[in-house]
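A closer look at the structure
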Amino acid sequence: MPTLPPALDKLAALLARLPGIGERSATRLAFHILSEPRGYATELSRALDGLGTSVGFCDDCHMVAEGADCKVCGDPSRDSTLLCVVEGIPDLLAIERTGTFRGRYHVLHGVLAPLKGVGPTQLRLGNLTSRLERDGVEEVIVATSTGVEGEATALYLARLLANTGMRLTRIATGIPHGGDLEYIDATTLGRALDGRRPLDA
Ligand SMILES: [Zn+2]
């Protein structure tokens, strides 16, 4: 759009790369930012800058973190014997919203999807087994989604951990087939966690 000043054009182009934001929405957002008091754009740019400089991933669970430990791993009141494996950070946040889970997490950052070329090496699995031993984990709750890929990932984990002597459980039904944890209400998700059942390899 040559009619716009380059700074606005550039901002709109960057916003258009966000998921669910088309070119028109991006331009609208850019104009919205422009119309806000000037402090807003400055604060926004500082927040974005902070993403690049101070936010990384937790060495242990792969949740976002400032520093080596995330807020969950760094909280001594969390139960380290209970570990919940989730696909992504939005799922972790959904479980946190239930307020019922006091253990720790392991974020895979994906699910097994052979057709899309996603195998075990693409998931953040490398430190999982060593973590179980180090932290004295007694139960692993597999909370991947209930679709085909989530179930395949659960089965893979069941096989991977079969000989560790670990209690392995799967979140209960009540979550619709194919359901992403992120979109399930906190009560249903809390019940699914409470009603978890043994997961066999
Ligand atoms: Zn962590």
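Presented here is a report on the structure given in the accompanying data block. Note that the structure is a prediction, hence the values are computed from the model and not measured.

Conventions used here
Residues numbered from 1 in each chain as written. Predicted model: local features only at pLDDT ≥ 70, side-chain atom pairs only at ≥ 80, totals over all residues. Heavy atoms only, no water. Helix = DSSP H or I, 4+ residues; strand = E, 2+ residues; numbered from the N terminus. 1 Å grid on protein atoms, 1.4 Å probe; cavity = no way out; pocket = protein on both sides within 12 Å on 5 of 7 lines; lining within 4 Å. Points joined across faces, edges and corners; volume = space filled by probe spheres on them. Nonpolar A, V, L, I, M, F, W, Y, C, P; charged D, E, K, R; others polar. Buried < 20%, exposed > 50% of the residue type's maximum accessible area, 1.4 Å probe, protein only. Arc of directions from axis to C-beta. Contact = heavy atoms within 4.5 Å. Pairing = 2+ DSSP bridges. Right-handed = clockwise from strand over helix to strand, strands pointing away.

1. Notes on unusual backbone geometry
A positive phi angle is found at His 62, which is not glycine, with a value near 70°. Structurally, the position occupied by His 62 is in the loop between β1 (56–57) and β2 (64–65). A positive phi angle, near 60°, is found at His 109, a position not held by glycine. Structurally, His 109 is set in the loop between β4 (103–107) and α5 (128–135).

2. A word on the layout of surface pockets
Computed from the structure, the largest pocket encloses a volume of approximately 470 Å³. Lining the largest pocket are 18 residues, with Leu 11, Leu 15, Ile 33, Leu 44 and Leu 48 sitting closest to its centre. Going through the elements one at a time, α1 (6–15), α2 (23–35) and α3 (38–53) are the ones with two or more residues in the lining of the largest pocket. With six residues, α3 is the largest single contributor of residues to the lining of the largest pocket. Of the residues in the lining of the largest pocket, the class split is 15 nonpolar, one polar and two charged. As a volume, the second largest pocket reaches approximately 180 Å³. If you trace the second largest pocket, you find it lined by Val 55, Met 63, Val 64, Ala 65, Glu 66, Cys 70, Lys 71, Val 72, Leu 92, Leu 93 and Glu 96. At the level of elements, β2 and α4 (89–98) are the ones that each hand at least two residues to the lining of the second largest pocket.

3. Side note on α1
Taken residue by residue, α1 has Leu 8, Ala 12 and Leu 15 as its buried positions. Each buried residue of α1 lies within a common arc of 65° when the element is viewed along its axis, so the set occupies one face. Looking at α1, the residues exposed on the side facing more than 90 degrees away from the buried face are Pro 6, Ala 7 and Lys 10. Lining the buried residues of α1 we find α2.

4. Remarks on the pairing of strand β6 (residues 167–170)
Taken together, the four bridges between strand β5 (residues 139–142) and β6 define a ladder with parallel strand orientation. Within β6, the position partnered with Glu 139 by the bridge is Arg 167. For the crossover from β5 across helix α6 (residues 148–160) to β6, the handedness is right-handed. Sheet topology places β6 next to strand β7 (residues 197–198); two bridges connect them, and they run antiparallel. Within the sheet, the bridge partner assigned to Thr 169 lies in β7 and is Pro 198.

Function-wise, these values are silent; they only describe arrangement.
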